[in-house]
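Results of the structural survey
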Amino acid sequence: MTDQKSAGDSATYWVDFHCHLDLYPDPVATAVAANDKRVRTLAVTTTPRAWPHEREMFAHLEFIRLALGLHPELVAERASEIALWERYLDQTRYVGEVGLDGRRGARGSLPQQRAVFQRVLDVCAERGGKILTVHSAGIPADVVQTIVRHLPPDRGRVVLHWFVGSKSTTAQAVEHGCFFSLNAAMLQSETARKTLSYIPRDRILTETDGPFTKRDGRPAMPVDIPDTVGQLAAFFEMKSNELAIQVRTNLKLLLS
Ligand SMILES: [Zn+2]
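Residues numbered from 1 in each chain as written. Predicted model: local features only at pLDDT ≥ 70, side-chain atom pairs only at ≥ 80, totals over all residues. Heavy atoms only, no water.

1. Comments concerning the coordination of the zinc ion
- Coordination of the zinc ion by the protein involves His18 (NE2), His20 (NE2), Glu97 (OE) and Asp209 (OD), with metal-donor separations of 2.1 to 2.5 Å.
- Geometry at the zinc ion is irregular, judged from the four donor atoms that bind it and their angles of 82 to 169 degrees at the metal.
- Donor residues for the zinc ion sit on one chain with the sequence pattern H-x1-H-x76-E-x111-D. With a gap of 79 residues between them, His18 in strand S1 (residues 14-19) and Glu97 in strand S4 (residues 94-99) connect regions that are remote in the sequence. No difference in accessibility class separates His18 from Glu97, as the two residues are buried. (Donors = N, O, S within 2.8 Å, 3.2 Å for Na, K, Ca; no water. Tetrahedral: all angles 85-135°; square planar, octahedral: opposite > 155°, others 65-115°. Helix = DSSP H or I, 4+ residues; strand = E, 2+ residues; numbered from the N terminus. Buried < 20%, exposed > 50% of the residue type's maximum accessible area, 1.4 Å probe, protein only.)

And the structure:
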């Protein structure tokens, strides 16, 4: 039996901890395919206004979980939806996509982004038990420091998604108990590969960030995760099966 097969047999599952299911042409079909392949998928959302509809769309699927988000790139127009976000928060354990974006294009709204992100972290700390998937493009150190200041590790857990940071910033995140969801596109960047080498294996989760990443020229989907695991395993010099098991162990720990 090959690594792939033994990792994919019916007793096991895969993990896509950051996917924008709502942005595919057919979100339900994409989710059903993920469900059939036993890919435990965290469907992130970008605006609280869409929450009730999305909840209904995926509620019947055993392997799909839905995260309540307010995407940093949308904060410029939608900062006021933070009230709605707070109202829906008790309906889920998962929060995201939230965070800060310091890249050109989004930088102008950083003051509003900071206010929203700090509010998200403070409310999560207050209510307790939440798991957050966090965006940190362009300003990883800033994001990690904000998390350290606003969300104590015993009040909520953070998964840094597509995180590309320095050795010391990564160490600070690890010290604070953060996990990291990694995708195959990260392997294309020398800087990201460096960050990957700083991340301890017991903090690794997998993601597609679909449809924003590509596979064979089309948007990546949760069902592509076995391939993501294969590529990441090669980078970490592990067997695919070994990494698949490690990811499941890590997810269990995160959820415990
Ligand atoms: Zn995303």
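2. Points about helix H9 (residues 190-198)
- Within H9 the residues assigned to the buried category are Ala192, Thr195 and Leu196. Within H9, the buried residues cover an arc of 105 degrees as seen down the axis, which keeps them to one side. Structural note: H9 exposes Glu190, Thr191 and Lys194 on the side pointing more than 90 degrees away from its buried face.
- On its buried face, H9 is in contact with helix H8 (167-175), strand S7 (179-182) and helix H10 (225-236).
- N-cap assignment for H9: the residue whose side-chain oxygen lies 3.3 Å from the backbone N of Thr191 is Ser189. (Arc of directions from axis to C-beta. Contact = heavy atoms within 4.5 Å. Polar contact = N/O pair within 3.5 Å; in protein donor to acceptor, adjacent residues only side chain to side chain.)

3. Focus: the pairing of S7
- Side chains Phe179 and Ser181 project from S7 onto one buried face, and the interleaved Phe180 and Leu182 project onto a second face that is buried too.
- Bridge analysis of strand S6 (residues 156-161) against S7 gives three bridges, and the strand direction is parallel. Bridging from a neighbouring strand, Leu160 pairs with Phe180 of S7.
- With three bridges joining them, S7 and strand S8 (residues 204-206) adopt parallel strand pairing. Looking at the pairing, Ser181 lines up with Leu205 of S8.
- Taken together, S7, H9 and S8 constitute a β-α-β crossover, and its handedness is right-handed. (Pairing = 2+ DSSP bridges. Right-handed = clockwise from strand over helix to strand, strands pointing away.)

4. Examining the nonpolar core
- Core analysis: the biggest nonpolar cluster contains 78 residues, and Phe17, Trp85, Val120, Leu132, Val134, Leu160 and Leu182 have the highest contact counts within it.
- Top element by residues in this core is helix H6 (residues 110-127). It accounts for eight residues.
- Residues in contact with Val134, not counting those within four places in the same chain, are Val98, Gly99, Phe117, Val143, Ile147, Val158, Val159, Leu160 and His161. (Core = buried A, V, L, I, M, F, W, Y, C linked by side-chain atoms within 4.5 Å.)

5. Notes on the sheet that holds S7
- The five strands lie next to each other as S4-S5-S6-S7-S8, forming an open sheet whose pairing is parallel. Every other strand in the sheet has two partners, leaving S4 and S8 as the edge strands with one partner each. Mean inter-strand twist for the sheet, computed between neighbouring axes without regard to direction, equals 30 degrees.
- This element, helix H7 (residues 140-150), spans strand S5 (130-135) and S6 of the sheet and lies at about 175 degrees to S6. (Axes fitted to C-alpha atoms, helices over the stretch in contact; angles between N-to-C directions.)

So yeah, pure geometry; function would need other evidence.
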